[in-house]
Amino acid sequence: MKFFSGASNKPLAEKIAKKLGTELSPLEIHIFPDGEKRVRVLDKVVGEECVVMQPTSPNPDINYMELFFIVDALRRSGARRIKTVIPYLGYQRQDHVFRIGEAVSLEVIATLLKWGGVDEVISFDLHSIKIPEIFKIRLTHLSALPIFAKEIKKISNFKFQISNFVLVSPDMGGIRRIKILSQMLNNMPYAVIEKNRDLATGRVTMSGIDGKVKENAIIVDDMISTGGTIVTAANLLKNKGAKNVYVCATHAVFSKDAPKILGSSFLRKVFVTDTIDIPKEKHFAKLEVLSVAETIAKEIKNSKS
Ligand code: R5P
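The sections below set out a description of the structure shown in this document. (Residues numbered from 1 in each chain as written. Predicted model: local features only at pLDDT ≥ 70, side-chain atom pairs only at ≥ 80, totals over all residues. Heavy atoms only, no water.)

**Considerations on unusual backbone geometry**
In step 1: Going from S57 to P58, the amide bond is cis rather than trans, its omega being -5 degrees.
In step 2: Among the structural elements, P58 can be located in the loop between β4 (49–53) and α2 (60–76).
In step 3: We note that N187 has phi near 60 degrees; this positive angle belongs to a residue other than glycine.
In step 4: In this fold, N187 is placed in the loop between α7 (175–184) and β9 (190–197).
In step 5: With phi around 50 degrees, K256 is a residue other than glycine that occupies positive phi space.
In step 6: Assignment of secondary structure puts K256 in the loop between β12 (244–252) and α9 (258–263).
In step 7: Judged by relative accessible area, K256 falls into the exposed class, the value being 72%. (Helix = DSSP H or I, 4+ residues; strand = E, 2+ residues; numbered from the N terminus. Buried < 20%, exposed > 50% of the residue type's maximum accessible area, 1.4 Å probe, protein only.)

**Things to note about the side chain of Q54**
In step 1: When you line up the elements, Q54 lands in the loop between β4 and α2.
In step 2: A distance of 3.1 Å separates the side chain of Q54 from the backbone oxygen of N63, its partner in a polar contact.
In step 3: In this view, Q54 contacts G6, A7, S8, N63, E66, L67, V85, I86 and P87; residues no more than four positions away in its chain are not counted. (Polar contact = N/O pair within 3.5 Å; in protein donor to acceptor, adjacent residues only side chain to side chain. Contact = heavy atoms within 4.5 Å.)

**Things to note about the pairing of β4**
In step 1: Counting buried positions over the 5 residues of β4 gives 5, a clear majority of the element.
In step 2: Covered by surrounding structure in β4 are E49, V51 and M53 together with C50 and V52, the residues of both alternating faces.
In step 3: Where strand β1 (residues 2–5) lies against β4, 4 bridges are found, and the strand directions are parallel. Residue pairing across strands places F4 opposite V52, the latter belonging to β4.
In step 4: Pairing of β4 with strand β5 (residues 81–86), which is carried by 5 bridges, proceeds in the parallel orientation. If you follow V52 over to β5, its bridge partner there is T84.
In step 5: For the handedness criterion, the β-α-β arrangement of β4, α2 and β5 is classed as right-handed. (Pairing = 2+ DSSP bridges. Right-handed = clockwise from strand over helix to strand, strands pointing away.)

**Comments concerning the pattern of salt bridges**
In step 1: Under the criterion given, the structure shown has 16 salt bridges.
In step 2: For K15, the salt bridge is made with D274, and the minimal N-O distance between the two is 3.5 Å. Taken together, the positions of K15 in helix α1 (residues 10–19) and D274 in the loop between β13 (269–273) and β14 (287–290) put the pair 259 residues apart, joining distant regions of the chain.
In step 3: In this structure, the salt-bridge partner of R99 is E102, at a minimum N-O distance of 3.0 Å.
In step 4: What makes R99 partly exposed here is its relative accessible area of 40%.
In step 5: Residue classification places E102 among the partly exposed positions, given a relative accessible area of 23%.
In step 6: When salt bridges with common partners are traced through the structure, they connect E49, R81, E120 and R138 into a single cluster. (Salt bridge = Lys/Arg side-chain N within 4 Å of Asp/Glu carboxyl O.)

Shown next, in the form of structure tokens:
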């Protein structure tokens, strides 16, 4: 097996390679003055199973194009099978038509991956469990929930204070996620916020909460983009009596001023994973980054061709 990485999250790729007891296979990626790329595989891959890792945030279009070119170069160089690890799968929120006239961007991506020569995709905490249905190739859906469960056990001093904790989904779409996490945490109680987003402006409003708010609330979400959802949810929880609010969100998209607004909010701690590389300037004191390297390495080792 040969393991390659695009440029978007080399630190995670290197961690995974180490856990697999291998090194990243060499690629040459030349960028022309106008931004076009020329990709060349510098390893022998004839008859090999090749794995390529490339999360697609930030700059989804640039990262997807680079991934397509790497896959094409591998296929032309004789790779037997190509698996892509896309820990953060860009465009996953556009998985159906929300308003008449819209494109289903994720379906376009799924088609391009398949026709480009990808045999399998491995990804993490997808926005909807229906997403694998869009793909006509195998999509393995991994989750960071077991990683978060370990951290929550630590902060809740598990056996003694569980009754003071509640898991919170900031929207109805996340209910399945918190039910699974609750089971991992000895049936920790959970609540769901009623959230509305104006599709034209992106503005988030929250009208209420279904479930009992406790002293310690843990908001669980698949991703943080602008931070609007998390901060609005945290304020609602505070108004309803929560004293300590924590966040567990898999993908740190961190667009716009997200690090600033999360860092200056009254949140106690924000747990995210390294599915997306977080540059130093986006780190803040309350942020803790947990690695998904072990989970991905295990999946690569165990999954059969
Ligand atoms: C939405 O349904 C997702 O689960 C996230 O809650 C959302 O994408 C977060 O976006 P933002 O941080 O911009 O509110």
